[in-house]
Amino acid sequence: MSSKSMERKAGRKQKRCQNMITNETQIQCNDQPKQNLVVCNAGLSTGLKNDVLLLEAMQFGSVLQIILLPGKSYSFIKCKSVQDSVSIYNGMNAKSTLGQNGSVLYLLYCDDVPENVSPWDREHPSGLIIIEDFVTELEEERLLKRANDDLSASDAPHGSMKHRHVFHYGYEFKYDINNVDATRPLLEKPIPDECNELWPRLKSKMPTLLFQIPNQVTVNKYEPGAGIPPHCDTHSAFQDPIFSLSLNAGIVMEFRRLSDGSHVSVWLPRRSLLIMSKESRYGWTHGITPRKTDIIPVNDGLTVIERKLRVSFTFRSLKFNGCCCGFSALCDTYKKSQRTADENVEKLVIPSELELRNVHKVYDEIANHFSETRHSPWPKVGQFIESFTQGSILFDIGCGNGKYLSLNASTLKIGCDRSHGLLNVCYERGFNIFQCDCLYLPVRSNCADGCISIAVIHHLVTKERRLQAISEMSRILVAGGRGLIYVWSKNQAKGTKSSYLRQNKRNNRSDSDTSADLGELKFFDGLPIHTNRTQFSHSDMLVPWTRKDESSENQETFLRFYHVFEEDELTELCEKVSDIEVIERYYDQGNWCVIFQKK
Ligand SMILES: O=C(O)CCC(=O)C(=O)O
Ligand SMILES: [Fe+2]
C-alpha cells in the first residue's frame, strides 16, 4: 500500500473513532488545540496501562490525570495547560507506539474529560472497613507457611475448586449446604496460634468495633485467574462482622447490592484486613471475578495489574439463634420464616416483596419526617401501658419512633421495628431497641408480661401473615400476659369522624398526609391508591405519604401498603390463635383495637 493510501486509511479509522467517542461520551474532539487530549486507539480494552501512558506523556508535558474507561479502546489525558497539551500532541500523535501490537497512537484535542464513572468512585458499602498493613511482613510469612503446610499435608479433605484451594480451622464450612455443622468442631484443626495476636491488635486499632474472637477460619488459596462467585456468607451461620486477611497479594473484591443493583469494586491491598460489618455483611454480596489481571485505582485514575497467587484467611464466629438482621433480601432466617407463613397462601404478588417495597423501604425513606408527625401517645394505649405493675417486661412490636417507650417508668420496655431509619430515632432518644420483623421475633417464648402492636399488622399483605404476627405476640407472652393491637379501620366515620377524616381541609397543607386531591381512583401494580382523608374504598390499598421539602417546591410521594380492617375482623383473627382470649375490643379514632390475654 502506498504511504498516501495508508494515511487515508488511518484518517478514516481516526474519524470512526472520533465519532464513537462523541457518541459514547458526548465529548467533542478535533484537531484544534485545547487543554485535554483523547487517545483514539488505545485504552483498557487494548491492554493499555495507566502508568505506561502517563510515563510516555510526561516526557512532553505536565499531566494532571489519565482516564482509562473500563472496556474502552480509547483514553483521555487531562493536561495542565493548553501548552502542555500541544507539546504532548506533537510528541505522541502518529509517533508513540503504545497502540495494540505496537501500532502508533492517534490523538485529538478535547475540552472535557469524562466523569470517572467506574465502580471505584462509588462509596464503599456501609460498614465495610479496610485496615491497611494489618499484619507485618514477618507475620504474613508465618501465616503463609502455616497455610501452605496445612494445605499440602491435607489430602484435600475439604475439597479444592478449580484453581482455588480451601482449608478450614475450627469448624468445616460445607459448601454443599453453605453452612457449618456446629455440633462437630474440628478438634484436630484448631485455629492456628499465629492468629492469636490479631484480636488484641484489632481491639486497640478499633476500640468501638464489637466483635467476638473468631472460632472458624477458612483459608482460600487463589491461583492467578481464580475467583470466588458472588455470595453472602450465610446469615444464620455467622455473626457480624466477618474478617478477611489478604496475604501474598492484593485483590479486587466486587460488592453488589441486589435491591438496587449497586456495584462497588474494592481494592484489598496485600496484608490488609477487610472487615465486613453491618450492611456490608448482611445486605451485599461479595465475590472475586476470575481473571488474570485487575484494574485498580492509582493517582485519580485506573491501571491494570497482573494477579499473583493470593492466600486469604477468612475469620468468622458461629451464630446459633437465627438471624434478625433486617436485610431480608439475603437473609436465610427471614426467608425461612416467610416460607412457613406463606405455605398455603395463594398470592398474586410475593408478599414479602410488596412489604419490602411499599412498607419497609418507605418507612426508611420517610423515617425522620414521619417521626416529626408522631409525638403524642394515644391516651388509651398509654392507659394500657400504665396498667402494668413495677418490673413488668413490655415489648412494643413495631415501635416506630418510640413514642410509647417512655411511658410507665417502673417497667422494662423494649422496642423493635423493621425500619433502620425509625430505630435510629429511637436510638438517639436512648431507648432499648432491636431490629426485627414482627413475623419472627428473636425473643424467647413466655417471657413478656405485655406487648403492643400499634398500627403495624395492617401493613402485612396477607391474612396468614397478620395471623402469624399475632401468634408471635402470643408466643412471647407469659401465661396471663396481655397484648394490645391497633389497626386502621376501613370505616373511618364510625361515631364521630376520626381525626383522619376531620383533617381533610383542603387548605391545610402543613399536614403531610393531606396530599391527594379528590379525584378518580388510580392504581399502582394492580392496587388502588387511596385518596387521603377520605373513606377507604377497598380493604387493600396503597396510601400516599407526601414529603414536602421545606426549602424547595419539591414534593415526593411514597406509597404505603395498608390492609384496613372490617369491624370484627381483628377479633376474629385473634380468636384463631388458640392460646389467647380477647378480653376487650373497641374503636378508637379510626382504629379497631383488641386487648387479649394469654391463657
Ligand atoms: O478470599 C476472600 O477474601 C473471601 C473469601 C470468602 O468470601 C469466603 O470464603 O466466604
Ligand atoms: Fe464470603
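About the criteria used
Residues numbered from 1 in each chain as written. Chains lettered and ligands numbered in written order. Predicted model: local features only at pLDDT ≥ 70, side-chain atom pairs only at ≥ 80, totals over all residues. Heavy atoms only, no water. Helix = DSSP H or I, 4+ residues; strand = E, 2+ residues; numbered from the N terminus. Buried < 20%, exposed > 50% of the residue type's maximum accessible area, 1.4 Å probe, protein only. Contact = heavy atoms within 4.5 Å. Areas by Shrake-Rupley, 256 points an atom, 1.4 Å probe, with all protein chains shown as cover. Near = heavy atom within 4 Å. Polar contact = N/O pair within 3.5 Å; in protein donor to acceptor, adjacent residues only side chain to side chain. Donors = N, O, S within 2.8 Å, 3.2 Å for Na, K, Ca; no water. Pairing = 2+ DSSP bridges. Axes fitted to C-alpha atoms, helices over the stretch in contact; angles between N-to-C directions. Phe/Tyr/Trp six-rings, centres within 6.5 Å; stacked < 30°, edge-to-face > 60°.

**Observations concerning the overall build of the protein chain**
Within the protein chain, the regular secondary structure consists of 13 helices and 31 strands. Here the protein chain holds 599 residues, and 52% of them are scored as buried. Of the contacts made within the protein chain by residues no fewer than 6 positions apart, 68% connect residues no fewer than 24 positions apart. Only carbon and sulfur atoms are counted for the fraction: they give 49% of the accessible area of the protein chain, which is about 28700 Å².

**Examining the site of ligand 1**
As a structural note, the neighbourhood of ligand 1 is formed by Asn-220, Tyr-222, Ile-228, His-231, Asp-233, Ser-244, Met-253, His-286, Arg-310, Ser-312, Thr-314 and Arg-316. The side chain of Tyr-222 places a nitrogen or oxygen atom 2.5 Å from an oxygen atom of ligand 1. A distance of 2.9 Å separates an oxygen atom of ligand 1 from a polar atom in the side chain of Arg-310. Alone, ligand 1 offers 300 Å² of accessible surface; in the complex the protein occludes 96% of this.

**Comments concerning the coordination of the iron ion (ligand 2)**
For the iron ion (ligand 2), the full set of protein donor atoms is His-231 (NE2), Asp-233 (OD) and His-286 (NE2), at a range of 2.1 to 2.2 Å. The partly exposed category is assigned to His-231, whose relative accessible area is 25%.

**Considering the sheet that holds strand β21 (residues 393-397)**
The strand order across the open sheet formed by seven strands is β23-β22-β21-β24-β25-β31-β30, and the pairing between neighbours is mixed. Each end of this open sheet is capped by a strand with a single partner; those strands are β23 (433-435) and β30 (580-588). Neighbour-to-neighbour, the strand axes of the sheet open up by a mean angle of 15 degrees, direction not taken into account. As defined by bridge partners, β30 adjoins strand β31 (residues 591-598) across eight bridges and the pair is classed as antiparallel. Considered in β31, the bridge of Tyr-586 is made with Cys-593. The sheet contacts of helix α9 (residues 379-386) involve β21, β22 (412-417), β24 (448-454), β25 (477-488), β30 and β31, and relative to β25 the element is tilted by about 175 degrees. Sitting on the sheet, helix α11 (residues 463-476) is in contact with β21, β24, β25, β30 and β31, with an inclination near 150 degrees to β25.

**Some points on the sheet that holds strand β3 (residues 63-68)**
Taken in spatial order, the five strands of this open sheet run β1-β5-β2-β4-β3, and their pairing is antiparallel. Each of the sheet's edge strands pairs with one partner strand only, and the pair in question is β1 (29-30) and β3. The sheet contact formed by β3 and strand β4 (residues 75-79) spans five bridges and is antiparallel. Looking across to β4, one finds that Ile-67 is bridged to Phe-76. Packing against the sheet, helix α3 (residues 82-92) makes contact with β2 (36-39), β3, β4 and β5 (107-110), and its axis sits at approximately 165 degrees to β5.

**What about the packing of aromatic side chains?**
All told, the structure shown has 19 aromatic pairs when counted by the stated rule. Summarising the aromatic geometry, the rings of Tyr-282 and Phe-327 are spaced 6.5 Å apart at their centres and angled 20 degrees between planes, so their arrangement reads as stacked. Linking Tyr-282 in helix α6 (residues 278-282) with Phe-327 in the loop between β20 (310-316) and α7 (332-342), this pair joins segments that are 45 residues apart in sequence. Judged by its relative accessible area of 8%, Tyr-282 falls in the buried class. We classify Phe-327 as buried; its relative accessible area is 18%. Aromatic pair Tyr-363 and Phe-370: ring centres 5.2 Å apart, planes at 85 degrees, arrangement edge-to-face. An identical accessibility class is assigned to Tyr-363 and Phe-370; each is buried.

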